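An overview of the molecular structure
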Amino acid sequence: MKDADPSEVYRPEAGAEHGKLKTVYRNYTAGPLLDRVYKTYLLMHTHQTVDFVRKKAAEYGACAQRRMSIMEALDLLDNVVDESDPDVDFPNSYHAYQTAEGIRRAHPDKDWFQLVGLLHDIGKILALAGEPQWAVVGDTFPVGCRVQKSVVFSDSTFHDNPDTKNPLYNTQYGIYQPHCGLANVLMSWGHDEYMYQVMKFNNFALPREAFYMIRFHSFYPWHMGGDYMHLCSTEDLRMLAWVKEFNKFDLYTKCQDLPDVMQLKPYYQALIDKYCPGQLCW
């Protein structure tokens, strides 16, 4: 960030945030939703391959599925509950407003950043277009190279993924060059890459940092786990501070205290009109 060290901007207390300990978030060892979460990741880690990712990128990269506004797409998230998320069991539309409002409180001068909070999970509408959730939600990871240890359930869910047995794909670098840059890496297909492609195709009037945060916000093995640094460029390392700043709101604003969406809509519609108005190609 140019005008502040993002690590100093927002620090949920190590104790309580919305009455919930930070250590309780992203618990993949116990909890009422664990069985559902594990099954989603097992399917993801079985079927997300280089060939699959290339196929989906070609299928959706032209943004020729339908036309609608951002608010219409956001409203569709009323019908999506993320089956990979161990922390919430309510529609993703509420999470969008929770994230945006958290950013708004901490960054009142950065309306574009607030909008990123609203937009970041809209790509999950793919789950309403016939895609299975394992091809939409969850943490992302690079395909085409060896899976790193910080990938969720990495020790028990990749045994039937054919790429792990392919010598082209199962080394540290796989098909990539050292420090090639994440923009040149094939990430597992899902809502991050899809929404990034929608933003790029429709020429959203947002800064580069916004595009980057959307594209890599689910890459937890990198921005939280510290893995895959051997693939990162200097630009990736510069952007990492922004992704980490965004993650504080994406993760720690999740709570059962749901926002009043109708009261908030006019404010965010104005931001949409400023940065990404009208009917868009999806």
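It should be noted that the structure appears before, not after, this text.
Residues numbered from 1 in each chain as written. Predicted model: local features only at pLDDT ≥ 70, side-chain atom pairs only at ≥ 80, totals over all residues. Heavy atoms only, no water.

1. Structural notes on the overall build of the chain
Looking only at helices and strands, the chain has 10 helices and four strands in total. Of the regular secondary structure in the chain, the N- to C-terminal order runs β-β-α-α-β-α-α-α-α-α-α-α-α-β. The C-alpha radius of gyration computed for the chain amounts to 18 Å, which stays within 12% of the reference 19 Å derived for 282 residues, consistent with globular compactness. In terms of principal-axis extent, the alpha carbons of the chain reach across some 55 × 45 × 40 Å. Counting over 282 residues, the chain shows a buried share of 56%. Sequence-distant contacts in the chain: of pairs separated by 6 or more residues, those separated by 24 or more amount to 80%. When the accessible area of the chain is evaluated, it comes to approximately 12,200 Å², of which 53% is carbon and sulfur surface. In the chain, the 28 positive side-chain charges and the 36 negative ones have mean positions that sit 4 Å from each other. (Helix = DSSP H or I, 4+ residues; strand = E, 2+ residues; numbered from the N terminus. Rg over C-alpha atoms; globule rule 2.2 N^0.38 Å. Buried < 20%, exposed > 50% of the residue type's maximum accessible area, 1.4 Å probe, protein only. Contact = heavy atoms within 4.5 Å. Areas by Shrake-Rupley, 256 points an atom, 1.4 Å probe, with all protein chains shown as cover. Lys, Arg positive; Asp, Glu negative; His and termini not counted. Charge placed at Lys NZ, Arg CZ, Asp CG, Glu CD.)

2. Remarks on the environment of glycine 226
Positionally, glycine 226 belongs in the loop between helix H8 (220-223) and helix H9 (234-252). The sequence separation of glycine 226 and glutamine 148 amounts to 78 residues, and the corresponding C-alpha distance is 9.9 Å.

3. Comments concerning the pattern of salt bridges
On inspection of all chains with the given rule, the structure shows 15 salt bridges. Close ionic contact of aspartate 35 with lysine 39 constitutes a salt bridge, the shortest N to O distance being 3.2 Å. Here aspartate 35 and its partner lysine 39 are both found in helix H1 (residues 34-47), four residues apart, which amounts to about one turn of the helix. Across the pair arginine 208 and glutamate 235 runs a salt bridge, and its minimum N-O distance is 2.6 Å. (Salt bridge = Lys/Arg side-chain N within 4 Å of Asp/Glu carboxyl O.)

4. Let's talk about helix H10 (residues 261-275)
The periodicity of an α-helix, 3.6 residues per turn, causes residues three or four places apart in sequence to face the same way. Relative to the 21 Å expected for 15 residues at 1.5 Å per residue, H10 spans 20 Å between its end C-alpha atoms, a close match to the ideal helical length. The principal kink in H10, of about 30°, is found at tyrosine 267. Of all the positions in H10, only Val261, Leu264, Lys265, Tyr268, Leu271, Ile272 and Tyr275 are classed as buried. Tucked inside the fold, the buried residues of H10 contact helix H3 (70-76), helix H4 (92-106) and helix H5 (111-119). (Expected span 1.5 Å × (residues − 1). Bend = angle between axes of the 7 residues up to and from the residue.)

5. Quick look at the side chain of threonine 49
Looking at the secondary structure, you find threonine 49 in the loop between H1 and helix H2 (50-60). Take threonine 49: its relative accessible area is 11%, and that puts it in the buried class. Apart from residues no more than four positions distant in its own chain, threonine 49 is found in contact with Val143, Asn161, Pro162 and Asp163.

6. What about the packing of H5 against H10?
Their axes nearest at 10 Å, the elements H5 and H10 cross at an angle of 105°. As far as their axial angle goes, H10 and H5 are roughly perpendicular. Mapping the contact onto sequence places Asp111, Trp112, Gln114, Leu115 and Leu118 in H5 and Tyr267, Tyr268, Leu271, Ile272, Lys274 and Tyr275 in H10. Looking at the contact of H5 with H10, its residues break down into eight nonpolar, one polar and two charged. (Axes fitted to C-alpha atoms, helices over the stretch in contact; angles between N-to-C directions. Parallel < 35°, antiparallel > 145°, perpendicular 65-115°, else oblique. Nonpolar A, V, L, I, M, F, W, Y, C, P; charged D, E, K, R; others polar.)

7. Focus: the packing of aromatic side chains
A full pass over the atoms with the stated rule returns 21 aromatic pairs. With a centroid separation of 4.9 Å and an interplanar angle of 80°, the aromatic rings of tyrosine 38 and phenylalanine 153 are classed as edge-to-face. Of this pair, tyrosine 38 sits in helix H1 while phenylalanine 153 sits in the loop between H5 and helix H6 (191-201), and the two are 115 residues apart along the sequence. Overall, the relative accessible area of 28% leaves tyrosine 38 in the partly exposed class. Arranged with centres 5.5 Å apart and planes meeting at 50°, the rings of phenylalanine 219 and tyrosine 228 form a pair that is tilted. Residue class for tyrosine 228 comes out buried when judged on its relative accessible area of 1%. An aromatic cluster is present here, built from Tyr212, Phe216, Phe219, Trp222 and Tyr228 joined pairwise through their rings. (Phe/Tyr/Trp six-rings, centres within 6.5 Å; stacked < 30°, edge-to-face > 60°.)

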